[in-house]
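# Chain and residue survey
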Amino acid sequence: MLGFGTDVMFTLNGGHIWPLYDAARNQGMRVVDVRHEQTATFAAEAYAKLTRRPGLAALTAGPGITNGVSAITSAYFNGSPLVVLGGRAPEGRWGSGSLQEMDHVPVVQSITKSAGTVKDASQAGELVHAAARLSLTPHRGPTFLDFPLDVFGPAAGTVPDVDVCVGKGRAPDDDEVAALVAMIAAAERPAFIVGSDVYWDGAWDELRAAVEHLRVPCFFNGLGRGMLPASHELAFLRTRGVLKQRADLVVVLGTPLDFRLGFGRFGNAQVAHVVDSDAQRAQHVSVPTAAGDTALILRAFADYSGDRRDHEDWIAELRTAERAGIAADAALLAADSSPIRPSRIYGELGRRLADDAVVICDGGDFASYAGKFVEVKQPGCWLDTGPYGCLGNGLGYATAARVVRPSSQVVLLLGDGAAGFSLMDADSLVRHDLPVVMVMGNNGMWGLEKHPMQAIYGWDMACDLQPGCRYDEVVRALGGAGELVTDAAQIGPAMDRAFASGVPYLVNIVTDPADEYPRTSNLG
């Protein structure tokens, strides 16, 4: 793993994986241990997102691996290069009922690019190298290997050198690319939606060159946020709804045509797709598609020398709508109401975020507001859970972010429901001296479920949490710090104290339970 630049292992101790710790110790790899295997696996995925190198999680046998399954699945849906190394009961006594004896491979096979058991110690190094290489190969994703306790030993086999082409997709088909760029040139009102795979391909320079040359406005999701700075004239945040009414061409770059994008439908607009591998071609809708290294595709867009329609009126229309959106948001971001509206939290936070701040989302409606209001300035600074929608990523992502970016602001935006999955790992932040600012929207409910249930049924069930719960005292008890905020005027000063504290700090903000995020996505 060190050959790929991976220098941190995330884990929770278990006897089946002590030999992995011995290897990490001998190789000088940093080991960060946490309180739950899901947190360890989420941390490893966030390490991958932040570095574009394989993340490494070491999970003990049986429940250690099953505890990590949801996070592995998130990495699979996100296309994140993740290597999970697991312990396994002894091979020589298999079937006798050893502690935590379980065949993990069938459990994780459908959520990984490869899964297997290492049964020859001399092949261990080569197999781990192959797993890491495969995790980086587009379309990227998690790989898994487990190691029987009685098979561990010195790896006598040769570990191949890392190929400089690892992580590069195949060259795209020239005709597919030419057809797409001709569509863009002929369109009157084109737009790009830029997703995570463009980031994984490291193609921010190529993206900027392409959109500036072709004069195409851009919208973003996932790790695509920050590929153009929010201040760029062709970057738009608040006007995606206009695409369904006005765009005549929407080119989706590096993200699936899933529920987040209307399953590939934008009103009457023609839709085209750019994907990093043939496996990512949409199966549920037929659209013009180019597959391959997105950096090469975007470079070809930037090199286009034919005629194209003028897009300046379209850009001006969107910019006018964006300014109107900004003006409408201003009142929300400054709202002085009681109870506190979540939007006011983002108004205060936006004034305090540095350009290189890493912003992490873990929650339902509260995290959705982050997507609406947080402006991302640089690539790799926005970490959300992705299309799988698994809560509990927050503390793991925050752990990795502070490890990888020791000098940047790290801000975790946390719903009170999501906190129940991983808040104990504030202890891990304290033990490893990893200061993180946690900002909680505490509305005492599962808001993403309560409001829709009320709208559909006229009643709700299993949606209520403890109002005003003192989650900040949990963090204080674990060795961090925090405070409760019930007055909108105190949000900013509380954030200032959190950023200045140098410790894991939870700003626990009680928000209006009647506030409902204006959701328009078809989640199913």
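Of the comments in the UniProt record for the protein chain, the one headed Sequence similarities (unreviewed entry) reads "Belongs to the TPP enzyme family." In its Cofactor (unreviewed entry) section, the UniProt entry covering the protein chain states "thiamine diphosphate".

### So, the pairing of strand E2 (residues 30-33)
The pairing of strand E1 (residues 8-11) with E2 spans four bridges and is classified as parallel. By the bridge assignment, Phe10 is partnered in E2 with Val32. Crossover handedness for the path E1 to helix H1 (residues 18-27) to E2: right-handed.

### Notes on the domain arrangement of the protein chain
With domains assigned, the protein chain is organised as domain 1 (2-151), domain 2 (174-318) and domain 3 (335-510). Across the contact, 11 residues belong to domain 1 and 10 residues belong to domain 2. Surface buried jointly by domain 1 and domain 2 totals about 910 Å² across both partners, of which 50% is contributed by carbon and sulfur atoms. The largest per-residue losses of area from domain 1 upon contact with domain 2 belong to Arg52, His139 and Arg140, which jointly make up 64% of the total buried on that side. At the boundary of domain 1 and domain 2, one finds two salt bridges. A salt bridge links Arg140 to Asp276; its shortest N-O distance comes to 3.6 Å. Applying the counting criterion to the domain 1 and domain 2 interface returns eight residue pairs in polar contact (both at pLDDT 80 or more). Per-element accounting of the side of domain 1 that touches domain 2 gives the leading share, three residues, to helix H2 (residues 37-51).

### Section: the sheet that holds strand E3 (residues 55-59)
Note: strands within a sheet are paired through backbone hydrogen bonds, in either parallel or antiparallel orientation. Strand order in the open sheet made by the six strands is E2-E1-E3-E4-E6-E5, with parallel pairing throughout. Of all the strands in the sheet, just E2 and strand E5 (114-117) have a single pairing partner and so form its edges. In this sheet, adjacent strand axes meet at a mean angle of 20 degrees when their direction is disregarded. Along the sheet, H1 makes contact with E1, E2, E3 and strand E4 (82-88), crossing E1 at roughly 155 degrees.

### What to know about the environment of Asn268
Examined against the element boundaries, Asn268 turns out to sit in the loop between strand E9 (249-253) and strand E10 (270-275). Asn268 gets classed as exposed once you look at its relative accessible area, which sits at 82%. Asn268 sits 161 residues away from Leu429 along the chain, and the two C-alpha atoms are 49 Å apart.

### Observations concerning the packing of helix H7 (residues 174-186) against helix H11 (residues 294-302)
H11 packs onto H7 with a crossing angle of 50 degrees between their chain directions and a minimal axis gap of 10 Å. Classified by the angle between their axes, H7 and H11 sit oblique to one another. For the element pair H7 and H11, the recorded crossing hand is right-handed. Along its contact with H7, which presents Val177, Leu180, Val181 and Ile184, the element H11 presents Ile297, Ala300 and Phe301. Looking at the contact of H7 with H11 residue by residue, the classes come out as seven nonpolar, no polar and no charged.

### Overview of the environment of Lys119
Considering the arrangement of structural elements, one finds Lys119 in the loop between E5 and helix H6 (124-136). Remark: the alpha-carbon pair of Lys119 and Leu214, spanning 95 residues in sequence, is separated by 54 Å. Non-local contacts of Lys119, meaning those with residues more than four positions away in its chain, are made with Glu91 and Val151. Here Glu91 takes part through its side chain, which lies 3.3 Å from a polar atom of the side chain of Lys119.

### Points about the pairing of E5
As a general feature of sheets, a regular strand has side chains that alternate between the two faces. Looking at chain direction, E5 and strand E6 (residues 142-148) are connected through four bridges and run parallel. Opposite Ser114, over in E6, you have Thr143 as the bridge partner. Crossover connection from E5 via H6 to parallel E6: handedness right-handed.

### Quick word on empty space enclosed by the protein
For the structure on display, the rule yields one cavity of 30 Å³ or more. In this structure, the largest cavity encloses a volume near 180 Å³. In this structure, the largest cavity is lined by 20 residues; those nearest its centre are Phe77, Asn78, Ser196, Arg260 and Pro387. Listed by contribution, the elements that provide at least two residues to the lining of the largest cavity are helix H4 (69-78), helix H8 (196-200) and strand E13 (382-383). Residue contributions to the lining of the largest cavity peak at three residues, all from H8. Considering only residue class, the lining of the largest cavity consists of seven nonpolar, nine polar and four charged.

### Description of the sheet that holds strand E15 (residues 437-442)
One open sheet holds the six strands; their spatial order is E13-E12-E14-E15-E17-E16, and the pairing between them is parallel. Single-partner strands in this sheet number two, and they are E13 and strand E16 (481-485). Against the sheet, helix H14 (residues 365-373) makes contact with strand E12 (358-362), E13, strand E14 (410-415) and E15, and its axis sits at roughly 135 degrees relative to E14, the strand it touches most.

### Looking at the packing of H2 against H4
Axes are the key here: two packed helices are described by the angle between their axes and the distance separating the axes. In contact at an axis separation of 8 Å, H2 and H4 are set at 25 degrees when each is read in the N-to-C sense. Taken together, the axes of H2 and H4 lie roughly parallel to each other. Seen from H2, the contacting residues are Gln38, Thr41, Phe42, Glu45 and Lys49; seen from H4, they are Ser70, Ala71, Ile72, Ser74, Ala75 and Asn78. Tallied by class, the residues present in the contact of H2 with H4 amount to four nonpolar, five polar and two charged.

### Here we look at helix H9 (residues 204-214)
Burial in H9 covers these residues: Glu206, Leu207, Ala210, Val211 and Leu214. Relative to the axis of H9, the buried residues are bounded by an arc of 120 degrees and lie together on one face. Check the buried side of H9 and you find it contacts H7, strand E7 (190-194), strand E8 (218-220), E9 and H11. Positive phi appears at Arg215, one or two residues downstream of H9, with a value of about 60 degrees.

Conventions and cut-offs
- Residues numbered from 1 in each chain as written.
- Predicted model: local features only at pLDDT ≥ 70, side-chain atom pairs only at ≥ 80, totals over all residues.
- Heavy atoms only, no water.
- UniProt positions renumbered as here; feature names shortened; annotations may be inferred.
- Pairing = 2+ DSSP bridges.
- Helix = DSSP H or I, 4+ residues; strand = E, 2+ residues; numbered from the N terminus.
- Right-handed = clockwise from strand over helix to strand, strands pointing away.
- Domains from an automatic or database assignment.
- Contact = heavy atoms within 4.5 Å.
- Buried area = accessible area lost by both parts, 1.4 Å probe.
- Salt bridge = Lys/Arg side-chain N within 4 Å of Asp/Glu carboxyl O.
- Polar contact = N/O pair within 3.5 Å; in protein donor to acceptor, adjacent residues only side chain to side chain.
- Axes fitted to C-alpha atoms, helices over the stretch in contact; angles between N-to-C directions.
- Buried < 20%, exposed > 50% of the residue type's maximum accessible area, 1.4 Å probe, protein only.
- Parallel < 35°, antiparallel > 145°, perpendicular 65-115°, else oblique.
- Left-handed = near helix turned anticlockwise from the far one by under 90°.
- Nonpolar A, V, L, I, M, F, W, Y, C, P; charged D, E, K, R; others polar.
- 1 Å grid on protein atoms, 1.4 Å probe; cavity = no way out; pocket = protein on both sides within 12 Å on 5 of 7 lines; lining within 4 Å.
- Points joined across faces, edges and corners; volume = space filled by probe spheres on them.
- Arc of directions from axis to C-beta.

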